[in-house]
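Spelled out from the first residue to the last, the chains are:
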Amino acid sequence: MPLALLALAVGAFGIGTTEFVMMGLLPDVADDLNISIPSAGHLVSAYALGVVIGAPLLAAVTARMSRRTVLIGLMGLFVAGNALSALAPDNGWLLAARFLSGLPHGAFFGVGAVVATNMVAPERKARSVSLMFLGLTVANVVGVPVATLMGQQLGWRATFLGVSAIGLAAIAALAFLIPHDHEHATASGLRGELAALRSVPVWLSLGTTVAGFGALFAAYSYITPMLTDAAGYADASVTLLLALFGVGATAGNLLGGRLADHSLRGTLFGGLGALVAVLALFPLLMRTELTAAVAVILLGMAAFATGSPLQLMVMDKAASAPSLASSANQAAFNLANAGGAWIGGLALAAGFGVTSPALAGAALAVLGLGVASLAYAVDRRSAPAAGRERVVASHVPQEAEAVRR
């Protein structure tokens, strides 16, 4: 694997850290800015909104630019957003800075995935994407706990300055490690990129992402009350258990990337099926501390085993102009975050029990399997027609040659 993938992973590590660290810093931010914790929670939403808007917008605007330059520019915007977060004088400025920090998130992963797959042989594409995503999953194991501790000891502003430093390191790595012979974007430009979004298979792939990762966030958003109220863990133990989730996510990401290079569709179906099983068993697994810890690890593994296959499938369906579709898939991940948390909250508010969000997640995973199956059926139906077109095209020159003779 090219060393250049390390540069993408460093950028992903910084992005993953700043995305999730705010959850642990909410009390500190609320106290410092004299706002309520629910008001501080809007800072999480502001970042997510930036991701959803920025992913397709920035990918479309930069469609004709050098991808290497785009990645460096996106990371520069990321550094600016986090530096402004550290300097924000009040909640309004911090909301704007968090929105700015989220803008480059989706486009970085979208364009980065295209660059990563262009640097490797076809049989290693999924692994190259999983190595980029490795920075995101490792951020949950190392980056977020360390950044949270830094914020608690040195103040929350120090955390965002530290993340800015990671962004600067990523810029240097991108400048030195991304080779120039892979920097040029497709000549199709904005029109070609937008045309890719008119494809039904692309939208089915995006729908699979929303349903599949919506299943994860339906449960994960409420994992703390499950661990404390159902499994009996003390509040102080939750941070360690969330790190276990990161370990499972890292293992699942690497495993999914390796398996997807052998069977993309099989890995996707297997991951979604495993996610259905794990979430359906959550009410049983949450009865003891040991089985609850195992459940947290398995949840991370099953969910993130589908990450690389989903990203690669969207890019495959928009092969002529993959940057916008690839970035749109990142927006779909964040829609899954918001939508899954909302659906899990509905189950909890309805009084179905503290583990009911996991069952709601299992239903969403089944929906994801259904959408993936529909996408598979559409592919099989269109394959014979494509095959006939290739056969006809191959015989036309021979017939023309016979006429000339």
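Here is what the cut-offs are and how they apply
Residues numbered from 1 in each chain as written. Predicted model: local features only at pLDDT ≥ 70, side-chain atom pairs only at ≥ 80, totals over all residues. Heavy atoms only, no water. Helix = DSSP H or I, 4+ residues; strand = E, 2+ residues; numbered from the N terminus. Buried < 20%, exposed > 50% of the residue type's maximum accessible area, 1.4 Å probe, protein only. Contact = heavy atoms within 4.5 Å. Areas by Shrake-Rupley, 256 points an atom, 1.4 Å probe, with all protein chains shown as cover. Core = buried A, V, L, I, M, F, W, Y, C linked by side-chain atoms within 4.5 Å. Phe/Tyr/Trp six-rings, centres within 6.5 Å; stacked < 30°, edge-to-face > 60°. Expected span 1.5 Å × (residues − 1). 1 Å grid on protein atoms, 1.4 Å probe; cavity = no way out; pocket = protein on both sides within 12 Å on 5 of 7 lines; lining within 4 Å. Points joined across faces, edges and corners; volume = space filled by probe spheres on them. pLDDT = per-residue confidence, 0-100. Patch = residues over 30% accessible without salt bridge, like charges linked within 9 Å, V, L, I, M, F, W, Y side chains within 5 Å. Salt bridge = Lys/Arg side-chain N within 4 Å of Asp/Glu carboxyl O.

1. Overview of the overall build of the protein chain
Stage number 1. A count of helical and extended segments in the protein chain gives 17 helices and 0 strands.
Stage number 2. Buried residues in the protein chain amount to 52% of all 405 residues.
Stage number 3. Relative to all contacts within the protein chain whose residues are 6 or more apart in sequence, the contacts with residues 24 or more apart total 84%.
Stage number 4. Counting every atom, the protein chain has about 16,900 Å² of accessible surface; 69% of that belongs to carbon and sulfur.

2. A few points about the nonpolar core
Stage number 1. In this structure, Leu216, Phe282 and Met286 are the most contacted members of the largest nonpolar core, which totals 43 residues.
Stage number 2. With 8 residues, helix H14 (residues 289-304) is the largest single contributor of residues to this core.
Stage number 3. Listed in part, the 40 residues of the second largest apolar core include Leu8, Phe109, Val129 and Met315.

3. Describing the side chain of Asn329
Stage number 1. Here Asn329 lies in helix H16 (residues 322-349).
Stage number 2. On the basis of relative accessible area, Asn329 is assigned to the buried category, the value being 0%.
Stage number 3. Not counting chain neighbours up to four residues away, the residues in contact with Asn329 comprise Leu206, Thr209, Leu310, Gln311 and Val314.

4. Overview of the packing of aromatic side chains
Stage number 1. Applying the stated rule across the entire model yields 8 aromatic pairs.
Stage number 2. When the ring of Phe108 is compared with that of Phe109, the centres are 6.1 Å apart and the planes differ by 85°; the resulting orientation is edge-to-face. No difference in accessibility class separates Phe108 from Phe109, as the two residues are buried.
Stage number 3. Ring geometry for Trp156 versus Phe160: centroids 6.0 Å apart, planes at 80°, classification edge-to-face. One end of the pair is Trp156 and the other is Phe160, both in helix H7 (residues 156-177) and 4 residues apart, which spans about a single turn.
Stage number 4. Ring pairs connect the aromatic residues Phe213, Tyr220, Phe245, Phe304 and Phe333, which therefore count as one cluster.

5. So, H7
Each full turn of the α-helix corresponds to 3.6 residues, which orients residues three or four apart in the same direction.
Stage number 1. Between the first and last C-alpha of H7 there are 32 Å, a value that for 22 residues agrees with the 32 Å anticipated at 1.5 Å per step.
Stage number 2. Residues of H7 that are buried: Trp156, Ala158, Thr159, Phe160, Val163, Ser164, Gly167, Ala170, Ala173 and Leu174.
Stage number 3. Along its buried surface, H7 packs onto helix H1 (4-33), helix H4 (67-87), helix H5 (91-118) and helix H6 (125-154).

6. Points about empty space enclosed by the protein
Stage number 1. Within this structure, the stated rule accounts for 2 cavities of 30 Å³ or more.
Stage number 2. Its boundaries defined by the atoms lining it, the largest cavity holds a volume of some 310 Å³.
Stage number 3. Around the largest cavity sit 19 residues that line it, and Phe20, Leu136, Phe217, Phe304 and Phe333 are the ones nearest its centre.
Stage number 4. Counting residues per element, the ones that place at least two in the lining of the largest cavity are H1, H5, H6, helix H9 (200-220), helix H11 (238-260) and H16.

7. Things to note about unusual backbone geometry
Stage number 1. The residue Asn34 is not glycine, and still its phi comes out positive at about 60°.
Stage number 2. Since its relative accessible area comes to 71%, Asn34 is described here as exposed.

8. Topic: the layout of surface pockets
With a probe scaled to a water molecule rolled over the atoms, the places where space remains empty come into view.
Stage number 1. The calculated volume of the largest pocket comes to roughly 960 Å³.
Stage number 2. Forming the boundary of the largest pocket are 30 residues, of which Phe20, Met23, Gly24, Tyr220 and Leu242 lie nearest the centre.
Stage number 3. Elements with a contribution of two residues or more to the lining of the largest pocket: H1, helix H3 (42-61), H6, H9, helix H10 (223-230), H11 and H16.
Stage number 4. In terms of residue count, H6 provides more of the lining of the largest pocket than any other element does, 6 residues in total.

9. Describing the environment of Gly246
Stage number 1. Along the chain, Gly246 falls in helix H11.
Stage number 2. Taking the relative accessible area as the measure of exposure, Gly246 reaches 0% and is therefore buried.
Stage number 3. Taking the C-alpha atoms as reference points, Gly246 and Thr137, 109 residues apart in sequence, are found 5.9 Å from one another.
Stage number 4. Beyond its immediate chain neighbours, meaning those up to four positions away, Gly246 contacts Thr137, Asn140 and Val141.

10. Things to note about the confidence of the model for the protein chain
Stage number 1. For the protein chain, per-residue confidence averages 85 on the pLDDT scale, and 89% of positions sit at 70 or higher.
Stage number 2. The weakest mean pLDDT in the protein chain belongs to helix H8 (residues 189-196) at 64; the strongest belongs to helix H12 (residues 264-280) at 95.
Stage number 3. Per-residue pLDDT stays below 50 along residues 386-405; that stretch engages in 0 contacts with residues further than four places along the chain or on separate chains.

11. Some words on a nonpolar patch on the surface
Stage number 1. Together, Leu49, Ile53, Leu57 and Val61 make up an exposed nonpolar region whose accessible area comes to about 360 Å².
Stage number 2. Examined against the element boundaries, Ile53 turns out to sit in helix H3.
Stage number 3. The partly exposed category is assigned to Ile53, whose relative accessible area is 38%.

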